[in-house]
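# Structural characterization, general
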Amino acid sequence: MKKLINEVDDVVKEALEGMAAAHPDLIRVEYDPAMVVRADAPVQGKVGIVSGGGSGHEPMHGGFVGMGMLDAACPGEVFTSPTPDQMEAATKAVDGGAGVLHIVKNYTGDVLNFEMAADLAQEGGTEVQAVVIDDDVAVQDSLYTAGRRGVGTTVLAEKICGAAAEDGRSLQEVADLCRKVNANGRSMGMALTSCTVPAAGQPTFELGDDEMEIGIGIHGEPGRERKPAASSAEVVEMMATPIVEDLPFSSGDNVLAFVNGMGGTPLIELYVVYNDLVKLLEGRGVTVSRNLIGPYITSLEMQGCSITLLKLDDELTRLWDAPVNTPGLRWGV
Amino acid sequence: MKKLINEVDDVVKEALEGMAAAHPDLIRVEYDPAMVVRADAPVQGKVGIVSGGGSGHEPMHGGFVGMGMLDAACPGEVFTSPTPDQMEAATKAVDGGAGVLHIVKNYTGDVLNFEMAADLAQEGGTEVQAVVIDDDVAVQDSLYTAGRRGVGTTVLAEKICGAAAEDGRSLQEVADLCRKVNANGRSMGMALTSCTVPAAGQPTFELGDDEMEIGIGIHGEPGRERKPAASSAEVVEMMATPIVEDLPFSSGDNVLAFVNGMGGTPLIELYVVYNDLVKLLEGRGVTVSRNLIGPYITSLEMQGCSITLLKLDDELTRLWDAPVNTPGLRWGV
Amino acid sequence: MAGGGEVVTLQAVLAWIDGFAATVAENKDYLTKLDSAIGDADHGINMNRGMRAALERLEASPPDDIGAALKTVGMAMVSKVGGASGPLYGTFFLQLAGPLAGKESVTLEEWAGGIRAAVSGVMARGKAELGDKTMIDALVPAVEALEGAVTEGASIGDGLTRAADAAAQGMEATTPLVARKGRASYLGERSAGHQDPGATSSHLLMRTAADTLAQSGQD
Amino acid sequence: MAGGGEVVTLQAVLAWIDGFAATVAENKDYLTKLDSAIGDADHGINMNRGMRAALERLEASPPDDIGAALKTVGMAMVSKVGGASGPLYGTFFLQLAGPLAGKESVTLEEWAGGIRAAVSGVMARGKAELGDKTMIDALVPAVEALEGAVTEGASIGDGLTRAADAAAQGMEATTPLVARKGRASYLGERSAGHQDPGATSSHLLMRTAADTLAQSGQD
Ligand SMILES: Nc1ncnc2c1ncn2[C@@H]1O[C@H](COP(=O)(O)OP(=O)(O)O)[C@@H](O)[C@H]1O
Ligand SMILES: Nc1ncnc2c1ncn2[C@@H]1O[C@H](COP(=O)(O)OP(=O)(O)O)[C@@H](O)[C@H]1O
Ligand SMILES: [Mg+2]
Ligand SMILES: [Mg+2]
Ligand SMILES: [Mg+2]
Ligand SMILES: [Mg+2]
């Protein structure tokens with residue numbers, strides 16, 4: 001394992017220290033329990049938005065803390081959900097009197113820990129609502145299983161709900177909006193290489209020189225299928241088709257297309273993928289009216305990408321365009 | 001070789017098509033000859049700024065075209081400088097009557113091609129000045145050699161000169177400013193892995209599981225030295241010390257610290273590196289008052305990073321903070 | 001009655017906790033390797049982080065009774081582990097602590113009641129059922145075996161060994177299953193053919209109980 | 001006088017260009033491999049792209065004289081190659097074209113004069129000198145050998161073969177050198193022990209000349 005780190009056990013802490021040193025105007029970082037909090041939190045009268053999850057997905061979530069997006073993020077160990085005490089402390093820290101929304105990716109660990117935290121925070125007098133994001137069409141959904149994973153739509157939900165909270169919407173309204181984003185967003189991911197969890201020291205899985213994994217999550221889990229490596233156009237076809245058919249996205253729809261890099265894939269490739277995606281969607285009569293291209297929800301140094309489509313209406317478009325000022329996403333200010 | 005591409009010969013063109021599809025509000029792309037031009041070019045009365053170089057360094061340069069930065073970028077084949085006809089056409093396209101600055105990275109190919117282009121453009125009646133960026137302290141400088149490479153400082157020069165051009169400065173003033181940035185910027189890079197040029201299909205060099213290259217450029221060239229892989233703190237020490245001693249950066253100096261990812265290294269590692277860099281600089285009495293952290297001048301999917309320090313004064317700080325609106329860098333608007 | 005008067009002491013419970021921490025440390029890489037096949041390669045790391053924190057806290061403020069000891073372990077798991085196993089093992093120890101609060105020794109029957117509460121707590125929290133390919137597949141057979149042993153009046157050593165053996169069987173039985181809960185469920189059919197990491201750590205927990213708790217005192 | 005009346009024809013020059021394009025295509029990977037040791041792994045790709053473009057353009061508008069043919073090649077190199085070799089080989093062909101403009105056949109002496117102009121152009125553009133570990137190390141010995149052959153009144157075939165042999169020696173002599181120009185210079189001492197890719201392609205250019213241009217006509 002070769003990584004630009006020091007002690008394996010210090011990666012998360014030192015990356016947080018680096019963030020704190022880099023962005024004191026936007027965020028403040030606390031270490032015990034660990035959280036990244038908006039510099040001016042709590043914002044009085046505004047709904048607070050808290051997310052969190054394992055580390056290794058940077059810039060998500062800590063890089064999305066700031067005006068117009070998250071009020072706090074709770075970083076866990078690499079690929080391990082954070083703990084209830086972190087989430088409870090973050091919830092308290094951002095409670096400006098209008099309640100706090102938890103945006104939770106649908107992984108057993110994240111869900112259970114956020115549930116415990118919401119109980120604790122509510123006992124402490126903070127109104128909490130939780131919305132679980134489960135947008136990954138690679139996972140067959142069923143009442144009897146853990147359901148679909150939360151992936152790329154999370155980034156979009158954090159941005160859009162952050163804008164709505166800035167607008168002064170109530171907790172119920174922001175939570176409903178988050179459910180709307182989740183209901184209209186679908187994703188799928190793929191990997192050309194595995195990644196190496198620092199504490200494990202070995203790649204999580206091995207892929208041959210001519211193989212890829214389709215339907216991966218964001219924790220180095222193997223995907224649903226191993227296939228021969230294929231061209232960008234073929235990969236886009238394999239991922240976008242189930243996405244489009246799942247919602248379904250139909251002719252005439254406006255979408256936000258999010259082509260996400262898994263951490264080790266450079267921008268030049270993501271633009272090639274985006275180009276193929278736009279062609280595919282045009283062929284189906286779907287208009288891409290907004291886009292996001294880059295490594296925003298990563299799996300350490302994994303090579304690969306994911307595609308997220310979010311069906312837009314005027315409300316979502318306006319909230320997407322609203323100003324945001326975080327280390328990872330910034331516009332309008 | 002596994003990459004998210006289609007035909008090897010189409011990578012550059014398709015990535016440009018992806019960029020064009022993604023950012024029609026900011027840029028327009030032409031293909032014969034290939035260039036990325038600011039959507040509203042030429043801006044009348046403003047000095048035009050043109051850069052360019054081989055592809056494979058995304059977002060540089062095409063991703064830096066837009067308000068407050070470049071007016072045009074000329075993408076060459078992967079790692080191969082573009083050709084004079086591209087540069088001449090770009091120069092003409094952005095000539096708003098106040099002359100055009102060429103920002104050229106010091107590589108024989110870039111310098112020779114830009115020289116030929118400047119001759120052609122000047123024959124065509126456009127006033128051109130060229131500034132060559134040569135900030136890489138890994139290369140021993142000498143009158144008898146090709147000199148130092150142009151690396152990370154290029155990004156900073158493009159941003160700062162772009163702001164000055166928006167302010168209405170003259171060609172001579174913007175060129176002098178560019179020289180000032182180059183004179184005050186120093187960089188060094190390292191690699192944990194090689195990268196694979198699509199057309200070559202093989203990694204440019206092989207590195208053992210416990211080796212790294214120190215003093216690399218941005219074209220997959222091997223560095224000056226192969227060393228045992230080391231911790232982030234050690235790597236920072238090896239790179240920052242020659243940088244600091246070269247200018248030199250002294251106690252009391254204010255700097256912009258730019259920790260750049262080479263394309264395959266995720267943000268979590270770059271923050272660890274930044275954290276070590278800030279500690280080292282604090283120990284020398286150097287204050288980091290601005291920073292940039294992320295993959296901005298890359299070598300395809302190479303894992304590794306580079307460090308650039310730019311000594312700041314009030315003028316440079318103000319120009320750095322000025323609004324910029326490009327696909328790759330955006331703030332203040 | 002066989003094992004009559006035999007009790008599980010605070011000292012034995014502490015030996016169990018110590019022993020489990022040591023077993024987890026020894027099996028850290030193994031558990032992580034199991035998790036890398038169908039999960040995210042951290043189960044050993046998670047459990048080890050939690051048990052190390054538990055030992056530190058127990059050393060910092062030694063507990064006066066069994067319930068307090070188990071509550072400390074539960075809180076350490078909840079606040080130091082994260083992931084799925086943090087709240088689930090945390091719940092296990094916290095629910096086990098509940099009925100044993102204030103006690104310095106307990107009978108096998110009381111112990112079995114605690115374990116039943118613990119397993120029910122884990123099921124309530126995680127909503128997994130037998131056959132979902134989770135730690136439940138080791139824990140449910142274990143608690144049933146333990147309750148059977150109590151009914152038959154078995155000794156502590158015998159009861160705990162039967163529980164551990166049942167856990168082992170349950171753990172092994174996870175291998176062919178297609179996961180329906182936890183991360184492994186995302187793999188669909190590909191999750192079959194691998195032993196569940198959480199069931200494996202739960203078996204270690206039960207096996208360590210058999211090895212440590214039987215070194216108990218008399219009332 | 002030996003070779004008296006012998007000339008290099010337009011047809012022969014086109015055969016040279018064809019032959020060089022074919023040789024570059026054959027040696028594309030080899031040149032790229034040399035460039036990956038001390039450069040950026042693209043020299044073969046660059047040269048091949050340029051020569052393919054040159055052939056296309058020559059086919060699209062067949063030239064009427066030697067100067068026009070060489071100018072087309074030069075412009076193709078300049079506008080299709082990029083990198084260091086684009087302007088340098090472009091300059092080579094454009095400068096060679098200059099003195100041969102309008103001619104359908106030239107003597108070896110005229111040819112040597114063109115090559116001298118070409119090499120001087122490359123040196124003026126790239127500012128490299130003999131021993132800097134660049135294409136200059138193959139080109140300068142070649143032009144000197146060619147001029148020597150002219151002075152001695154050698155035949156075209158003999159003159160061009162001597163030039164190619166000198167280029168080969170120059171190319172081989174780059175191996176131990178530490179580069180002072182081009183990308184390889186960034187490597188410092190590590191550039192020693194590798195043959196320069198540009199000197200290698202320049203040798204191929206000279207060798208192809210010996211193989212093709214001698215199939216010439218009589219005045
Ligand atoms: N809903 C659930 N109920 C019971 N056990 C579960 C559930 N989900 C997961 N598990 C157990 O947790 C184990 C994984 O733990 P761990 O790897 O530490 O957490 P994570 O999956 O968050 O990385 C699985 O092997 C499984 O036994
Ligand atoms: N200043 C120079 N003068 C003459 N030849 C040079 C000079 N710089 C580089 N070269 C030649 O160019 C060759 C490299 O060409 P190529 O790989 O196509 O371009 P690049 O270095 O831009 O990738 C070198 O091997 C060397 O022979
Ligand atoms: Mg985990
Ligand atoms: Mg090149
Ligand atoms: Mg796990
Ligand atoms: Mg080269």
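Given the structure is predicted, the values throughout are model-derived calculations rather than measurements.

## Regarding the coordination of the magnesium ion (ligand 5)
Here the magnesium ion (ligand 5) is held by Asp35 of chain C (OD), Asp40 of chain C (OD) and Asp42 of chain C (OD), and the distances to it run 2.0 to 2.2 Å. Here the donor residues of the magnesium ion (ligand 5) share one chain and are spaced in sequence as D-x4-D-x1-D.

## Thoughts on the sheet that holds strand S7 (residues 185-191) of chain A
Residues and elements named next belong to chain A. The six strands are arranged S9-S8-S7-S12-S10-S11 in an open sheet whose pairing can be described as mixed. Only two strands of the sheet have a single neighbouring strand rather than two, namely strand S9 (225-228) and strand S11 (287-294). Recorded for the sheet is a direction-independent mean angle of 20° between the axes of neighbouring strands. Across seven bridges, S7 lies against strand S12 (residues 304-311) in antiparallel orientation. Its bridge partner being in S12, Gly189 is matched across the sheet by Ser306. Against the sheet, helix H6 (residues 232-246) engages S7, strand S8 (211-214), S9 and S12, with an angle of about 155° to S7. Contacting strand S10 (254-261), S11 and S12, helix H7 (residues 267-283) crosses the sheet at an angle of about 165° to S11.

## Section: the site of ligand 1
Lining the immediate environment of ligand 1, one finds 21 residues, of which Asn46, Ala84, Ser85, Asp196 and Gly198 of chain C sit closest. Each of chains A and C places residues next to ligand 1. In the environment of ligand 1, an oxygen atom lies 2.9 Å from a nitrogen or oxygen atom belonging to the side chain of Asp40 of chain C. In isolation ligand 1 exposes 570 Å². Once the protein is present, 96% of that is buried. Among the elements of the structure, helix H3 (43-60), helix H5 (85-97) and helix H9 (197-212) of chain C are those that each provide at least two residues to the shell around ligand 1. Sort the elements by how many residues they give to the shell around ligand 1 and H9 of chain C lands first, with three residues. In the shell around ligand 1, the residues fall into six nonpolar, nine polar and six charged.

## Notes on the interface of chain A and chain B
Note on interface size: it is often stated as the accessible area lost on association of the parts. Contact with chain A, which involves 57 residues of that partner, is made by 57 residues of chain B. Note on chain A versus chain B: buried area summed over both sides is about 4400 Å², and carbon and sulfur give 63% of it. Among the residues of chain A in contact with chain B, Lys2, Leu4 and Ile268 of chain A are the three that bury the most area, contributing 21% of the side total. Applying the counting rule to chain A against chain B returns zero salt bridges. The tally of links from chain A across to chain B stands at 26 residue pairs in polar contact (both at pLDDT 80 or more). Secondary structure elements with two or more residues in the side of chain A that touches chain B: helix H1 (11-22), H6, H7, S11, S12 and strand S14 (330-331) of chain A.

## Concerning the environment of Gly162 of chain B
All names here are of chain B. Structurally, the position occupied by Gly162 is in helix H4 (residues 153-166). Measuring from C-alpha to C-alpha, the distance between Gly162 and Pro24 comes to 20 Å, with 138 residues separating the pair along the chain. Here Gly162 is in contact with Ile49, Gly68, Met69 and Ala157, once residues within four sequence places are set aside.

## Concerning the side chain of Thr308 of chain B
All names here are of chain B. Within the secondary structure, Thr308 sits in strand S12 (residues 304-311). Within the structure, Thr308 has its side chain in polar contact with the side chain of Ser187 (distance 2.6 Å). Apart from residues lying up to four places away in sequence, Thr308 is in contact with Gly152, Thr153, Leu156, Arg186, Ser187, Leu256, Ala257 and Phe258.

## Quick look at the packing of aromatic side chains
Inspection of every chain in the model, using the stated rule, returns 12 aromatic pairs over all chains. Aromatic ring contacts, followed pair by pair, group Trp16, Phe92, Phe93 and Trp111 of chain C into a single cluster.

## What to know about the site of ligand 2
Taken together, 21 residues form the shell around ligand 2, and within it Asp40, Asn46, Ala84, Ser85 and Asp196 of chain D come nearest. Each of chains B and D places residues next to ligand 2. In this structure, an oxygen atom belonging to ligand 2 sits 2.8 Å away from a side-chain N or O atom of Asp40 of chain D. At 2.9 Å, a backbone N or O of Gly198 of chain D approaches an oxygen atom of ligand 2. Counting residues per element, the shell around ligand 2 draws most heavily on helix H9 (residues 197-212) of chain D, which supplies three residues.

## Things to note about the pattern of salt bridges
Applying the stated criterion across every chain, the model contains 64 salt bridges over all chains. The partner of Asp110 of chain A in a salt bridge is Lys105 of chain A, and the shortest N-O contact between them spans 3.9 Å. Among the ionic pairs, Lys227 of chain B bridges to Glu225 of chain B, the shortest N-O distance being 3.8 Å. Relative accessible area serves as the criterion here: at 25%, Lys227 of chain B is assigned to the partly exposed category. The class for Glu225 of chain B is partly exposed, based on a relative accessible area of 41%. Among the charged side chains, a network of salt bridges with common partners joins Arg38, Asp40, Lys46, Asp71 and Glu166 of chain A.

## Focus: the relation of the copies chain A and chain B
Each copy superposes on the other: chain A lies on chain B with an RMSD of 0.0 Å after a rotation of 180° and an axial shift of 0.0 Å. Both copies of the chain, as the preceding transformation shows, are related through a two-fold rotation axis. For chain A, the residue whose C-alpha comes nearest the rotation axis is Gly264 of chain A, separated from it by 1.9 Å. Comparing interface residues between copies, 100% of those in chain A also sit at the interface in chain B, which points to an isologous, same-surface contact.

## A closer look at the sheet that holds strand S7 (residues 185-191) of chain B
Residues and elements named next belong to chain B. What the six strands build is an open sheet, ordered S9-S8-S7-S12-S10-S11; its pairing is mixed. In this open sheet, the two edge strands, each paired with only one partner strand, are strand S9 (225-228) and strand S11 (287-294). For this sheet the average axis-to-axis angle between neighbouring strands, irrespective of direction, equals 20°. Alignment of strand S8 (residues 211-214) against S9, held across four bridges, turns out to be antiparallel. What sits directly across from Ile214, in S9, is Glu225.

## Comments concerning the interface of chain D and chain B
Opposite the 32 residues of chain D that make contact, chain B presents 36 residues. Both faces considered, chain D and chain B share a buried interface measuring about 2600 Å² in area, 54% of it formed by carbon and sulfur atoms. When the area that chain D buries against chain B is broken down by residue, the three leading residues are Arg125, Tyr186 and Arg190 of chain D, summing to 28%. Linking chain D with chain B are two salt bridges, by the criterion used here.

## Examining the coordination of the magnesium ion (ligand 6)
Residue and element names in this part refer to chain D. At 2.0 to 2.1 Å from the magnesium ion (ligand 6) lie its protein donor atoms, namely Asp35 (OD), Asp40 (OD) and Asp42 (OD). Taken in sequence order, the residues that donate to the magnesium ion (ligand 6) follow the motif D-x4-D-x1-D. Between the magnesium ion (ligand 6) and the magnesium ion (ligand 4), a separation of 3.5 Å is found, and both are coordinated by Asp40.

## Side note on H1 of chain A
Compared with the 16 Å implied by 1.5 Å per residue over 12 residues, the 16 Å span of H1 of chain A between its first and last C-alpha is a close match. Restricting attention to buried positions, one finds in H1 of chain A the residues Val11, Val12, Glu14, Ala15, Leu16, Gly18, Met19 and Ala22 of chain A. Those residues of H1 of chain A that are buried are in contact with strand S1 (27-31), strand S2 (34-38), strand S3 (48-55) and strand S4 (72-78) of chain A together with helix H7 (267-283) and S11 of chain B.

## Re the confidence of the model for chain C
Mean pLDDT over chain C stands at 94; residues scoring 70 or higher make up 96%. With a pTM of 0.92, the predicted complex shows an ipTM of 0.90.

## Describing the packing of helix H1 (residues 10-26) of chain D against helix H4 (residues 66-80) of chain D
Residue and element names in this part refer to chain D. It is the contact of H1 with H4, at a shortest axis distance of 9 Å, that shows an interaxial angle of 15°. Judged by the inter-axis angle, H1 sits roughly parallel to H4. H1 and H4 meet at a crossing whose hand is right-handed. Contacts between H1 and H4 involve Leu10, Val13, Leu14, Trp16 and Ile17 on the former and, on the latter, Ile66, Ala69, Leu70 and Val73. A per-class count over the contact of H1 with H4 returns nine nonpolar, no polar and no charged.

Each value, and the rule that gives it
- Starting from 1, residues in each chain are numbered consecutively following that chain's sequence as written.
- Key to labels: chains lettered from A, ligands numbered from 1, both in the order written.
- Under the rules for a predicted model, residues below a pLDDT of 70 receive no local features and side-chain atom pairs below 80 are neither given nor counted, while totals for whole chains, interfaces and linings still include all residues.
- Here the side-chain values reflect all heavy atoms present in the structure, with hydrogen atoms and water set aside.
- In this listing, donors mean N, O and S atoms no farther than 2.8 Å from the metal, or 3.2 Å for Na, K and Ca; water is missing from the atoms, so a site can look incomplete.
- Two strands make a pair as long as DSSP finds a minimum of two bridges between them.
- Secondary structure is summarised from DSSP: a helix means a run of H or I of at least four residues, a strand means a run of E of at least two, and numbering begins at the N terminus for each.
- Under this scheme, a helix contributes an axis fitted over its contacting stretch, all axes are lines through C-alpha atoms, and angles between N-to-C directions fall in the 0 to 180 degree range.
- Contacts: residue pairs with any heavy atoms within 4.5 Å of one another.
- For this description, a residue counts as near a given molecule or strand if any of its non-hydrogen atoms is within 4 Å of it.
- Here a polar contact means two N or O atoms within 3.5 Å. Within protein one must be a hydrogen donor candidate and the other an acceptor candidate, and residues neighboring in sequence count only if both atoms are side-chain atoms.
- With residues, only the protein chains shown are counted as cover, and all accessible areas are computed by Shrake-Rupley using a 1.4 Å probe.
- Three residue categories are used. Nonpolar comprises Ala, Val, Leu, Ile, Met, Phe, Trp, Tyr, Cys and Pro, charged comprises Asp, Glu, Lys and Arg, and polar comprises the others, including Gly.
- Here the quantity called buried area is the accessible surface, traced with a 1.4 Å probe, that two parts lose on coming together, added over both.
- What makes a salt bridge here is a side-chain nitrogen of Lys or Arg within 4 Å of a carboxyl oxygen of Asp or Glu, nothing more.
- Aromatic rings from Phe, Tyr and Trp, taking only the six-membered ring of Trp, are treated as a pair when their centres fall within 6.5 Å; an angle between ring planes under 30 degrees marks them as stacked, one over 60 as edge-to-face, and anything in between as tilted.
- Under the scheme applied here, a residue whose accessible area is under 20% of the maximum for its type counts as buried, over 50% as exposed, and between as partly exposed, the area being computed with a 1.4 Å probe on protein chains only.
- Each copy is superposed on the other by least squares, with the fit set by C-alpha atoms of residues at a pLDDT of at least 70 in both.
- In a helix, the anticipated span is given by 1.5 Å times the number of residues less one.
- pLDDT runs from 0 to 100 and stands for how confident the predictor is about each residue.
- Oblique is the label for any angle not under 35 degrees, not over 145, and not in the 65 to 115 range, which are roughly parallel, roughly antiparallel and roughly perpendicular in turn.
- For any pair of crossing helices, the crossing counts as left-handed if the nearer helix is rotated counterclockwise from the farther one by less than a right angle, and right-handed if it is rotated clockwise.

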